[in-house]
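Listed below, chain by chain, are the residues.
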Amino acid sequence: MSKKNRKLFSTRSQKYKKSIEECTNIIATSPFWIQFSTTIKVVLNGSNLSSILCYGLGNFFESIQSKYQLGLLLTIKNEFKVKNCYVYDPKFTDAERTHLAEVGCDSLSENEEGKRNLLPGTFVYMPHCPKQLLNNLLWANWNKEILMSCIIVCNSIDQTVTSTLDRILNKYAYYVKKISPYVIEKKCCDNFIYDDVFNDMSLHIFPDEKFKELENIFWERGKEPMYDNDELEFITKFECMSFQS
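Residues numbered from 1 in each chain as written. Predicted model: local features only at pLDDT ≥ 70, side-chain atom pairs only at ≥ 80, totals over all residues. Heavy atoms only, no water.

Under an unreviewed UniProt entry, the name given to the protein is SRR1-like domain-containing protein, and the source organism is Aphis gossypii. The Sequence similarities (unreviewed entry) comment attached to the protein in UniProt states, word for word, "Belongs to the SRR1 family." (UniProt positions renumbered as here; feature names shortened; annotations may be inferred.)

In terms of regular secondary structure, the protein is built from 11 helices and 7 strands. For the protein, with 245 residues in total, the buried portion stands at 48%. In the protein, the share of contacts with a sequence separation of at least 24, taken over all contacts with a separation of at least 6, comes to 77%. Here the protein displays about 13000 Å² of accessible surface, and carbon together with sulfur accounts for 50% of that area. (Helix = DSSP H or I, 4+ residues; strand = E, 2+ residues; numbered from the N terminus. Buried < 20%, exposed > 50% of the residue type's maximum accessible area, 1.4 Å probe, protein only. Contact = heavy atoms within 4.5 Å. Areas by Shrake-Rupley, 256 points an atom, 1.4 Å probe, with all protein chains shown as cover.)

Here we take up the sheet that holds strand β1 (residues 51-55). In spatial order, the strands read β3-β2-β1-β4-β5-β7-β6; together these 7 strands make up an open sheet with mixed pairing. What marks the edges here is a single partner per strand, and that holds for β3 (106-107) and β6 (184-186). Where strand β2 (residues 85-88) and β3 come together, 2 bridges link them in parallel fashion. Pairing of Tyr-86 across the sheet is with Asp-106, part of β3. (Pairing = 2+ DSSP bridges.)

Here we come to the environment of Glu-220. Take Glu-220: it is sitting in the loop between α10 (208-211) and α11 (237-244). The exposure class assigned to Glu-220 is exposed, which follows from its relative accessible area of 55%. A C-alpha to C-alpha distance of 9.0 Å links Glu-220 and Asn-143, two positions 77 residues apart in sequence. Setting aside residues up to four positions removed in sequence, Glu-220 forms contacts with Trp-142 and Lys-178.

To continue, consider the pattern of salt bridges. Enumeration according to the criterion identifies 9 salt bridges in this entry. In this structure, the salt-bridge partner of Glu-185 is Lys-187, at a minimum N-O distance of 3.4 Å. The class for Glu-185 is partly exposed, based on a relative accessible area of 23%. Bridged by salt links that share partners, the residues Glu-113, Lys-115 and Glu-224 form one connected network. (Salt bridge = Lys/Arg side-chain N within 4 Å of Asp/Glu carboxyl O.)

As a further point, take helix α2 (residues 31-44). With 14 residues, α2 should cover 20 Å at 1.5 Å per step; its first-to-last C-alpha distance of 20 Å lies within 8% of that length. Looking at α2, one finds that the buried residues are Phe-32, Trp-33, Phe-36, Ser-37, Thr-39, Ile-40 and Leu-44. Projected down its long axis, α2 shows its buried positions confined to an angular sector of 155 degrees, all on one face. In α2, the exposed residues that point more than 90 degrees away from the buried face are Pro-31, Ile-34 and Val-42. A positive backbone phi angle near 55 degrees is found at Asn-45, which sits one or two residues after α2. (Expected span 1.5 Å × (residues − 1). Arc of directions from axis to C-beta.)

Let us now look at unusual backbone geometry. It is generally the case that most residues other than glycine have a negative phi and that most peptide bonds are trans. Positive phi outside glycine occurs at Lys-81, with the angle close to 55 degrees. A positive phi angle, near 55 degrees, is found at His-128, a position not held by glycine.

So, about the nonpolar core. Counting 39 residues, the largest nonpolar core has Phe-36, Leu-72, Leu-73, Val-87, Phe-123, Tyr-125 and Phe-198 as its most contacted members. With 6 residues, helix α3 (residues 64-79) is the single largest residue contributor to this core. Discounting chain neighbours no more than four positions away, the residues touching Phe-123 are Phe-36, Ile-40, Leu-49, Ser-51, Ile-52, Leu-53, Ile-76, Ile-151 and Val-153. (Core = buried A, V, L, I, M, F, W, Y, C linked by side-chain atoms within 4.5 Å.)

So, in C-alpha cells, the structure goes:
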C-alpha cells in the first residue's frame, strides 16, 4: 500500500471509529438504555454474565443501524464488566475485525451457523438475525440448565411463531416453535430514538417455573438442522468458504 493510500485508509478508519464512539455514547446516555439495563439487572438478580455471544452485526463501518447495534453491544460489555465477548458475522471486513479486537471483542474465525455450545450465564445478542440461526443455537444448547442460565436478545420469538406458517416453522425453526410456549419475553427494545435499529426485538429468558412441567422426552434432541439454500437471509458455512476461495 502506497504512503498516500495508507494515509487515506488511516483517515477513514479514524472517522469510522469516531462515529462508532458517538453512537455508543448516544446509546449509553439514552432512556432506552436505562430501561434496557434495568431489565437485565432484574433478570440477573445479582448474578454475573460469564460472556457475550453476538451474531449478525453486519458491516458496522458502513451501516448506521449496525453502528448503533455495535454501540449497544459495547455498552452491555462495559456496564456489566464482561471480559469474554465473541462476535461473528460473515460480512465483516478485515478492518472491522481489527476494530473489534481493539475494543475487546474476539471475532470468531469460522461460521459456526449458530451451533455453538454456550457457557452458563451467556448473554446472546442477535440483532435481526434469521430464524435459522436462532434455531441452530437452540438445537446446540437444547438443555434446560443451560437455557435457564442464559439471556437471548433477538427478534421476538412470539412474533416469529405467530406470524409464520407452521410448515415454514417446521422446516426452518422447529426448536424456536417448540420452546416458544416456555419463554418469557420482555419487549424492551422498542423505544430507541430510531425505530429501525432495535425494532421487533425482545429479551428472552427461560425460567425454571416454565420448565418444571416438561418431561425428559421434551429435551431429546433431533439430528443437526440443515436447510435448503432457498432462504437467502441465512448464510451457511459452505457459502462462506466459497466467498473466501
